[in-house]
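Read off the chains here:
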Amino acid sequence: MALQFNKYILQMKPSASMETMAKAKKLKAQDPEIIDLAGGEPDFDTPKKICDELFRQINAGFTHYTVGPGLPELRQRIADKLERENGCHYDPSGVVVTPGGKYAIYIAVRALVNAGDEVMYLTPGWVSYPSIIQASGGVPVEVDLAYEDRYRITLELLEEKVSAKTRMLIINYPNNPTGRVLTQKEAQVLRQFMLNHPDLVLLSDEMYERILFDGQENVSPASFPDIADRVITVNGFSKSVAMTGWRIGYLAADPKIASMAAMLFSHTISCTSGFIQKAAAVAFDCGEEIEEMRRRYQQRRDLFVNGLNQIPGVHCEMPEGAFYAWTNFEIPGMNSNQVCEFIMEKAKVVGVPGVSYGDKTGSRIRFSFAAADDQLAQAVKNIAAAMAQIGEKV
């Protein structure tokens, strides 16, 4: 039988980060000295009070369908949080609670994009954006930000890529993989771009917004009243509250947009587990635990990045947010895939090559510093030893 597959899914590439994480786990099973810094996985446990609430709800029998876009009390708490912390005025009816932030992005794009529509996204950027766009029948359009310009957003770069077919722009700050935070100046550039193009929708992925360093602040584009009704904010609990395996996120949008996304949601996932939603609501009472994790990430960032920058031929800008070290390697004749393989083989440290994030020109690797201090310190030693071998050959 000649199988015919969906043409949009055939265009998609496997998730590079997921593939690398799977490879790292396999390598580690064979060699315990492998240091896995590939995944965006907090090594902290979910705060105890959240886990306690989960078991309380399960023991109370709250294990049935929760039909609809989320429990009303959780949607209210999300709307309150966005108002209080982000300056975004979303009605709870515009909140959809989803099994993970990735699914929130998918249903938002799917609800707004028709076949042939173009969706702009910034690179370097998260590996799943182009695949989600393709799965919706859309055309991914990269807006390449320059390493030499510290990945600064300019109106000229955005206007170069927009066309009559453009329907959406996706941004992600704090950024995965670069660790950059959106500046007030860049936020105004985005605002002006949206005002220039009144038919576009901006999707702001703010999954790492609680993981900020050195007093940095998150800027939410939905806080600008003149574009707020065209901004979809996506967030969740995976990164900041160490709830990756729980699979719970959300989108907030104008109710007209949210209702269309919820329509697709109802015919695919049906609902997000009720006992998980009840437990996630407790995350809003975990400010101390979230801050302690953020503080530890900053300590690890300082340890790891300062160590990397002591190695000849290695440079890493200090991340402003998230928990990734976007590391540039100066190894003649090697692209990012080759550098990644070299570091994996010689240093036994696993990262994700920069090309996976749309970085076409350099030899950069994304390392996660959401790992124990001793692992990070050992990774620096191993990378230094591997780079010294390069120096000896030159």
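No experiment lies behind these values; they were computed from the predicted model shown.

### Concerning the sheet that holds strand 10 (residues 324–329)
- Ordered in space as 9-10-13-12, the 4 strands form an open sheet in which the pairing is antiparallel. The outermost strands of the open sheet, each flanked by one partner alone, are strand 9 (314–316) and strand 12 (352–353).
- Summarising the sheet, strand 10 and strand 13 (residues 364–368) pair through 5 bridges and their orientation is antiparallel. Following the sheet pairing, Asn328 is matched in strand 13 by Arg364.

### Quick look at the packing of helix 4 (residues 72–86) against helix 10 (residues 274–281)
- Look at helix 4 against helix 10: their axes get within 9 Å of each other, and the N-to-C directions meet at 35 degrees. The interaxial crossing formed by helix 4 with helix 10 has left-handed handedness. Contacts from Glu73, Leu74 and Arg77 of helix 4 reach helix 10 at Gln277, Lys278, Ala280 and Ala281.
- Looking at the contact of helix 4 with helix 10, its residues break down into 3 nonpolar, 1 polar and 3 charged.

### What about the pattern of salt bridges?
- Under the criterion given, the structure shown has 27 salt bridges.
- With a closest N to O distance of 2.7 Å, Asp43 and Arg300 form a salt bridge. Here Asp43 is found in the loop between strand 1 (35–36) and helix 3 (48–59), whereas its partner Arg300 is found in helix 11 (residues 287–308), with 257 residues between them in sequence.
- For Asp43, a relative accessible area of 36% corresponds to the partly exposed category.
- For the salt bridge of Asp144 with Lys360, the shortest nitrogen-to-oxygen distance reads 3.3 Å. A residue pair is termed long-range when its members are at least 10 positions apart, and Asp144 in strand 4 (residues 139–144) and Lys360 in the loop between strand 12 and strand 13 qualify at 216 residues.

### A closer look at the sheet that holds strand 2 (residues 95–98)
- Sheet architecture is open: 7 strands sit in the order 2-8-7-6-5-3-4, paired in mixed fashion. If you trace the sheet from one side to the other, it starts and ends with strand 2 and strand 4, each paired once. Averaged over neighbouring strand pairs, the angle between their axes works out to 20 degrees when direction is ignored.
- Bridge count between strand 6 (residues 201–205) and strand 7 (residues 231–236): 4 bridges; the pairing is parallel. Its bridge partner lying in strand 7, Leu202 is registered against Val231.
- Most of the contacts of helix 4 go to strand 2, to which it runs at about 115 degrees, and overall it touches strand 2, strand 7 and strand 8 (249–252).
- With respect to the sheet, helix 5 (residues 101–112) is in contact with strand 2, strand 5 (166–172), strand 6, strand 7 and strand 8, its orientation differing from that of strand 7 by roughly 160 degrees.

### A look at the side chain of Arg230
- Inspection of the secondary structure assignment puts Arg230 in the loop between strand 6 and strand 7.
- The side chain of Arg230 sits in the buried core without any salt bridge; Asp229 is the nearest counter-charge, 4.4 Å away.

Calculation criteria
Residues numbered from 1 in each chain as written. Predicted model: local features only at pLDDT ≥ 70, side-chain atom pairs only at ≥ 80, totals over all residues. Heavy atoms only, no water. Pairing = 2+ DSSP bridges. Helix = DSSP H or I, 4+ residues; strand = E, 2+ residues; numbered from the N terminus. Axes fitted to C-alpha atoms, helices over the stretch in contact; angles between N-to-C directions. Left-handed = near helix turned anticlockwise from the far one by under 90°. Contact = heavy atoms within 4.5 Å. Nonpolar A, V, L, I, M, F, W, Y, C, P; charged D, E, K, R; others polar. Salt bridge = Lys/Arg side-chain N within 4 Å of Asp/Glu carboxyl O. Buried < 20%, exposed > 50% of the residue type's maximum accessible area, 1.4 Å probe, protein only. Lys, Arg positive; Asp, Glu negative; His and termini not counted.

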